[in-house]
Amino acid sequence: DIQMTQSPSTLSASVGDRVTITCRASQSISSWLAWYQQKPGKAPKLLIYKASILESGVPSRFSGSGSGTEFTLTISSLQPDDFATYYCQQYNSYLYTFGQGTKLEVK
Amino acid sequence: QVQLQESGPGLVKPSETLTLTCTVPPGSILDYCWSWIRQPAGKGLEWVGRLHTSGNTYYNPSLKSRVTLSVSTSKNQFSLRLTSITAADTAVYYCARERRSGPGEPFFFDSWGPGALVTVSS
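Note that the structure is a prediction, hence the values are computed from the model and not measured.

Peer 1: When you look at the overall build of chain B in this model, what are you seeing that I'm missing?
Peer 2: In terms of regular secondary structure, chain B is built from 0 helices and 11 strands. What you see in chain B, going N to C, is helices and strands ordered as β-β-β-β-β-β-β-β-β-β-β. Taken over the C-alpha trace, chain B has a radius of gyration of 14 Å; the compact-globule value for 122 residues is 14 Å, and the two agree within 12%. Counting only C-alpha atoms and orienting by the principal axes, one finds that chain B spans roughly 45 × 25 × 25 Å. Scored against the burial criterion, the 122 residues of chain B give a buried share of 47%. Taking as baseline every contact in chain B between residues at least 6 positions apart, the subset at least 24 positions apart corresponds to 54%. Of the roughly 5600 Å² of accessible surface on chain B, 50% is carried by carbon and sulfur atoms.

Here it is as structure tokens:
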């Protein structure tokens, strides 16, 4: 299995902050990485795929980068609606695996 | 976002078999790949299995001996069957549609159902 490790597990930030979440894969996954946002009691929502392509309708303050084994999700200016848990997911292998999640909370 | 809807029993007894169904938009079931993903309360996401457009199925090895995915084209549904249920299977179960960004590229999850909570208890 390809293991996905996110850091940090919890991130405290304020509205307007720029935040970055890191995701590392245990082996190279090229650019086959997606990011999801999940709010309590809701299903995950696709934000980014192929490491850096913004899903339609997702605000441009979200961006992704990386390839190989190291990836980042950046929110350029936090908005109140962005406080949620974020997951990365590799789809290089059919045995899809997710990171453990990063909870973005209000500072 | 595409509308998907999970359905099934909210409560299952240990050792029994769980069957969940996902209803997808009419006419789309054969055009996409579909997956089940589950999430225990307060924990992360675990992929359970997928149904490819070819009809092939792929399962998480950790569950492979207990899980079966199937499709009903006439009902626009695909189903998850999980046998020998234990408390460790208590989770919210999501169905999801898979999409890819180009020919020959791998698939990611672009639409999810709202989820179905399954509790295993006697």
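Peer 1: Sorry, what's going on with the pattern of salt bridges here?
Peer 2: Opposite charge on two side chains permits them to pair, given that their charged atoms come into close proximity. Following the criterion strictly, the structure yields 11 salt bridges over all chains and no others. With a shortest N-O distance of 2.2 Å, A:K39 and A:D81 are connected by a salt bridge. Taken together, the positions of A:K39 in the loop between β4 (33-38) and β5 (45-49) and A:D81 in the loop between β8 (70-75) and β9 (85-90) put the pair 42 residues apart, joining distant regions of the chain. Given a relative accessible area of 24%, A:K39 falls into the partly exposed group. According to the relative accessible area criterion, A:D81 is partly exposed, its value standing at 47%. What you see here is one network of salt bridges that share partners, running through A:E55, B:R97, B:R99 and B:D110.

Peer 1: What is the right way to read the environment of B:Y58 from this model?
Peer 2: With respect to the element layout, B:Y58 can be found in strand β6 (residues 57-59). Distance in space between the C-alpha atoms of B:Y58 and B:L69 is 8.6 Å, their sequence separation being 11 residues. With sequence-adjacent residues up to four places away left out, B:Y58 is seen in contact with A:Y94, B:W47, B:G49, B:R50 and B:H52.

Thresholds applied
Residues numbered from 1 in each chain as written. Chains lettered and ligands numbered in written order. Predicted model: local features only at pLDDT ≥ 70, side-chain atom pairs only at ≥ 80, totals over all residues. Heavy atoms only, no water. Helix = DSSP H or I, 4+ residues; strand = E, 2+ residues; numbered from the N terminus. Rg over C-alpha atoms; globule rule 2.2 N^0.38 Å. Buried < 20%, exposed > 50% of the residue type's maximum accessible area, 1.4 Å probe, protein only. Contact = heavy atoms within 4.5 Å. Areas by Shrake-Rupley, 256 points an atom, 1.4 Å probe, with all protein chains shown as cover. Salt bridge = Lys/Arg side-chain N within 4 Å of Asp/Glu carboxyl O.

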